[in-house]
There are 2 protein chains.
Amino acid sequence: MIVAADGRVVGRGWTQSGGRPHAEAMALAQAGAAARGATAYVTLEPCAHVSPRGPACADLLAASGVARVVVALRDPDPRTDGRGIARLRDAGVEVVTGVEADAARRAMAGFLTRQRLGRPHVTLKLALSLDGAVSMADGRSQWITGAPARAHAHLERARHEAILVGRVTWEADRPRLDVRLAGLEARSPVRVVMSSRHPHPSGADAPPSLSHREREGARPAQPGGKGEGDPIWIQNPADIARLPADHLLIEGGAATAAAFLRADLVDRLLLYRAPVLIGGGRTLGDIGLADLPHAHGRWHLTDARQLGSDRLEVYEAR
Amino acid sequence: MIVAADGRVVGRGWTQSGGRPHAEAMALAQAGAAARGATAYVTLEPCAHVSPRGPACADLLAASGVARVVVALRDPDPRTDGRGIARLRDAGVEVVTGVEADAARRAMAGFLTRQRLGRPHVTLKLALSLDGAVSMADGRSQWITGAPARAHAHLERARHEAILVGRVTWEADRPRLDVRLAGLEARSPVRVVMSSRHPHPSGADAPPSLSHREREGARPAQPGGKGEGDPIWIQNPADIARLPADHLLIEGGAATAAAFLRADLVDRLLLYRAPVLIGGGRTLGDIGLADLPHAHGRWHLTDARQLGSDRLEVYEAR
C-alpha cells in the first residue's frame, strides 16, 4: 500500500496468482507519479533479485521516489534476505522494519513455513465431543458439530490449497472435500489421500514436485478441476513437502491425525468441540508422547469463538 | 433475611447443621419486634409442619407480624408443598413467589434432587487433555491440569459432602480426597469407593442409610474423622441413594465416570481442560449412547472460566 504525505492511499496491490507481479509492482503502477515522497507499507521485504518475469521490487521502489518503506518481515528467501532493505537504504530511502511482525508472520505462515522447513504450513482440523471422540466406536460422526461449525470448517478449506485425508476415510466416505459456501466453490482445494499400507493406486501418478512459487497466495491448477477427479496419493507425512501447496489442511481420520502429530508436522490445530458426550468413541491415537511434562507448553491458544452451540479453539505450535 | 420497611436488614438466618433450626426461625429471633411490617425473603417456602424440634416456620412468620414474604421456590416436601404459602396468605400475609427461582434451584440442587429423585445431586469431575484423555495409556495423570485448576477442584470438594472414586483408582493411588485449601480442611468430604466386582471388603460396614435431613446444608459426621479412616464402599451407582450426602462428587477414574453416565446419574459436569494433546490415552468408556442425535441437547453450559492455562467448563443436564 502506498500512502501519500497527505494521508491519501494512492496505490494498493497484492501478489498475483502464480507469484507475479509482486504486490509492490502493482501498487506502484497504480500510484504512478503520486508515489514520489510517499510511504510504502509492505508485508514482506521487497525482493532484491531480477527475474525473467520482472525487475526487483527494491529497484522499482527506489526508482519511484518513495521517501520511506515500512516492512513487517524480512524475506527469508536467500536471494533477498536483507539485500532488498540494504538496496533501498543505499538509494537513500528510509526503511522501518518489524512493524506488526506477528500479524504478518501469521498471514504469511504458508510462505514462511515453505521457506524455513521446505513443506506446507499444516493445520489439523478435528471435530470433537467433550470427551475427545471424533466419531462413535463404529465410525459414525454425522454429526458431532452443528451447521455453523461445519460452515466455518468449509471457510477454512477455502484458505488451504490442499486437503488431506487418510485412506480409510477416503474409501469409507469418498468425501468431496470441497468448499460448499456460496461464491467460494472455486476455492476448493486439491485433494490428497495418505495411504501407508499401499503405494498409491494410480501407478505412475506420483505426487508432483512443487512448482517454483516465489510468493504466498498462488493457488495451483487442480488436476481434473476443483475437488473433482483423482486425488494425489502420498505414503507418509513427510511426502507433503512435494505437494503443490503452501497450506495443507488435515481432515481425518484420527489415525491420520496422530501420524502427523507423531511426525511433528502440525503447525496449527482447529478444534471444533460440541457440547456432547459420546463415550468409548474413536479418539486420537498414539502421538509418541513419552511423558506428561513433554505435553505442556507446546500449544498456544490464538483464537476461540462460539459457533452455535459448538466452540472453536485455534492453537498454534510454539 | 428480614428487611424492615425503611430498608434496614433486621435479621439474617440459615438452616443449621442437622437441619434445625430453620433459617426463618433464626432470622426472626434476630429481628425480634423489628419484624413487624417487614418483608421476609426466603429461598424455600416456609415449612407448614410442626416437628419435635420446632414449630412450623409459616406459623412463626405469621405470628411475627411480617407484612410480606418473598419466596423463591415452593418446597417439594409433601408435608409442606404449598401449604406454607397458603397458611401465610390465610393469616393475611402477602406472599410473592418465583423470585430468582433459577438461582435458588441451583443453590438448593442437593436438597431438590434428594426430594425429587431420592439420591444426591451428582457432579462428575474430569481433568482432560484437548483430545479427551484423562491419563496416559498407562494411567499416569500427574499432571494434566495446572495448579490453579487443581486448587479450584479442591474448592469443589469442599462443596460436596461425599466424594467417590472407583476401586482401581482407590487401590492404585490411595487418594486422600481431602480439601487441601487453607481454612477449608475441615470441609473434607466423606470418601466413597465403588467396586462392582467385589462386595465391600469391610464386611459388616454396609453403606449407612440416610438419616432424615429436612434441609439443605447439613453435613454428616464422618466415620473416622474428615477424610480419614475407612471409606464407605458401594457396589453400583444406584447405591448412592443411601449415602449420607446430598452432594456427591465423582472423581475417577474413566470407567467409574462412564458407569454413572450409563446409569444416567450425573447432573453436572466439571471439565478442567488443559491445552495439551496426549494421544492414545485413557478416555471415557462406553456410556450407552445408541446414536449421535441422542448425544445432543443433554448438556447445557452454565459456567466457563480460565484457570491459568486451563479452561473450566461446567455443564448441567437439562
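The structure displayed is predicted, hence computed values, not measured ones.

### Quick word on the overall build of chain A
Each helix and strand counted, chain A has nine helices and 13 strands in total. Counting all 318 residues of chain A, 53% fall into the buried class. Contacts spanning at least 24 positions in sequence make up 77% of the contacts within chain A whose residues lie at least 6 apart. With an accessible surface of roughly 14,000 Å², chain A has 52% of that area assigned to carbon and sulfur atoms.

### Observations concerning the sheet that holds strand β1 (residues 2-3) of chain B
Residue and element names in this part refer to chain B. With mixed pairing, five strands are arranged side by side in an open sheet as β2-β1-β3-β4-β5. Since the sheet does not close on itself, it has two edges, and those belong to β2 (9-11) and β5 (94-97), each with one partner. Where β1 lies against strand β3 (residues 39-44), two bridges are found, and the strand directions are antiparallel. Looking at the pairing, Val 3 lines up with Thr 39 of β3. Sheet contacts for helix α1 (residues 23-31): β1, β2 and β3; angle to β2, the most-contacted strand, approximately 115°. Set on the sheet, helix α3 (residues 83-90) makes contact with β4 (68-73) and β5; between it and β5 the angle comes to about 150°.

### Side note on the interface of chain B and chain A
Taken together, the 35 residues of chain B in the interface contact 35 residues of chain A. For the pair chain B and chain A, the summed buried area comes to about 3,000 Å², and 64% of that belongs to carbon and sulfur atoms. When residues of chain B are sorted by the area they lose upon contact with chain A, Leu130(B), Leu277(B) and Leu292(B) head the list and together hold 23% of the total. Remark: the boundary between chain B and chain A carries two salt bridges. Put simply, chain B and chain A have 12 residue pairs in polar contact (both at pLDDT 80 or more) between them.

### A look at the relation of the copies chain B and chain A
Here chain B sits on chain A after a turn of 180° about the axis and a move of 0.0 Å along it, with an RMSD of 0.1 Å. Such values leave the two copies arranged in the relation of a two-fold axis. If distances are taken from each C-alpha of chain B to the rotation axis, the shortest is found for Gly132(B), at 1.9 Å. Comparing interface residues between copies, 100% of those in chain B also sit at the interface in chain A, which points to an isologous, same-surface contact.

### Let's talk about the side chain of Asp267(B)
Note on placement: Asp267(B) falls in the loop between α8 (254-262) and β11 (268-273). Among all residues touching Asp267(B), those that are not within four sequence positions of it are Thr113(B), Arg119(B), Pro120(B), His121(B), Val122(B), Trp299(B), Tyr315(B), Glu316(B) and Ala317(B).

### What about empty space enclosed by the protein?
One pass over the full model with this rule turns up three cavities of 30 Å³ or more. The computed volume of the largest cavity comes to approximately 80 Å³. As for the largest cavity, its lining consists of Leu271(A), Arg273(A), Arg311(A), Glu313(A), Leu271(B), Arg273(B), Arg311(B) and Glu313(B). Those elements that place two or more of their residues in the lining of the largest cavity are β11 (268-273) and β13 (310-317) of chain A together with β11 and β13 (310-317) of chain B.

### With respect to the environment of Asp310(B)
Residue and element names in this part refer to chain B. The residue Asp 310 is located in strand β13 in this model. Counting along the chain gives 240 residues from Asp 310 to Val 70, while the straight-line C-alpha distance between them is 40 Å. Sequence-distant contacts of Asp 310, that is, excluding residues within four places in its chain, are made with Thr 145, Gly 146, Ala 149, Arg 273, Ala 274, Pro 275 and Arg 305.

### Some thoughts on the environment of Met194(A)
Residues and elements named next belong to chain A. When you line up the elements, Met 194 lands in strand β8 (residues 190-194). By relative accessible area, which is 9% here, Met 194 ends up buried. Taking the C-alpha atoms as reference points, Met 194 and Gly 98, 96 residues apart in sequence, are found 39 Å from one another. Residues contacting Met 194, with those up to four places away along its chain left out, are Leu 164, Val 165, Gly 166, Arg 167, Ile 234, Gln 235, Asn 236, Pro 237, Thr 256, Ala 259 and Phe 260.

### Looking at helix α5 (residues 109-117) of chain B
The periodicity of an α-helix, 3.6 residues per turn, causes residues three or four positions apart to be oriented the same way. Residues and elements named next belong to chain B. All of the buried residues along α5 are Ala 109, Gly 110, Phe 111, Leu 112, Thr 113 and Arg 114. The secondary structure elements touched by the buried residues of α5 are β3, β4, α4 (101-107), β6 (121-128) and β10 (247-252). Positive phi shows up at Gly 118, right after α5, with a value of about 70°.

### Remarks on the packing of aromatic side chains
All chains considered together, the criterion is met by zero aromatic pairs over all chains. Taking the ring centre of Trp143(B) as reference, the NZ or CZ of Arg150(B) above it sits at 4.0 Å.

### Here we look at the environment of Ala158(B)
Residue and element names in this part refer to chain B. The residue Ala 158 is located in helix α6 (residues 147-158) in this model. For Ala 158, a relative accessible area of 5% gives the class buried. Sequence separation of Ala 158 and Asp 178 is 20 residues, and the distance between their C-alpha atoms is 8.3 Å.

### Topic: the pairing of β13(B)
Residues and elements named next belong to chain B. The element β13 is extensively covered by neighbouring structure, given that seven of its eight residues are classed as buried. By the bridge criterion, six bridges tie β11 to β13 in an arrangement that is antiparallel. Bridging from a neighbouring strand, Tyr 272 pairs with Leu 312 of β13. Where strand β12 (residues 299-307) meets β13, eight bridges bridge the pair, whose relative direction is antiparallel.

### Quick notes on the pairing of strand β8 (residues 190-194) of chain B
One face of the sheet, then the other: side chains in a regular strand alternate in exactly this way. Residue and element names in this part refer to chain B. Burial runs high along β8: five of the five residues are buried. Both strand β7 (residues 162-166) and β8 contribute to a ladder of five bridges, which runs parallel. Each residue of the ladder has a partner; that of Leu 164, found in β8, is Val 192. With helix α7 (residues 167-173) bridging β7 and the parallel β8, this β-α-β connection has right-handed handedness. Both β8 and strand β9 (residues 232-234) contribute to a ladder of three bridges, which runs parallel. Note that in β9 the partner of Met 194 across the bridge is Ile 234.

Rules used in this analysis
- Residues numbered from 1 in each chain as written.
- Chains lettered and ligands numbered in written order.
- Predicted model: local features only at pLDDT ≥ 70, side-chain atom pairs only at ≥ 80, totals over all residues.
- Heavy atoms only, no water.
- Helix = DSSP H or I, 4+ residues; strand = E, 2+ residues; numbered from the N terminus.
- Buried < 20%, exposed > 50% of the residue type's maximum accessible area, 1.4 Å probe, protein only.
- Contact = heavy atoms within 4.5 Å.
- Areas by Shrake-Rupley, 256 points an atom, 1.4 Å probe, with all protein chains shown as cover.
- Pairing = 2+ DSSP bridges.
- Axes fitted to C-alpha atoms, helices over the stretch in contact; angles between N-to-C directions.
- Buried area = accessible area lost by both parts, 1.4 Å probe.
- Salt bridge = Lys/Arg side-chain N within 4 Å of Asp/Glu carboxyl O.
- Polar contact = N/O pair within 3.5 Å; in protein donor to acceptor, adjacent residues only side chain to side chain.
- Least-squares fit on C-alpha atoms with pLDDT ≥ 70 in both.
- 1 Å grid on protein atoms, 1.4 Å probe; cavity = no way out; pocket = protein on both sides within 12 Å on 5 of 7 lines; lining within 4 Å.
- Points joined across faces, edges and corners; volume = space filled by probe spheres on them.
- Phe/Tyr/Trp six-rings, centres within 6.5 Å; stacked < 30°, edge-to-face > 60°.
- Lys NZ or Arg CZ within 6 Å of the ring centre and 35° of its normal.
- Right-handed = clockwise from strand over helix to strand, strands pointing away.

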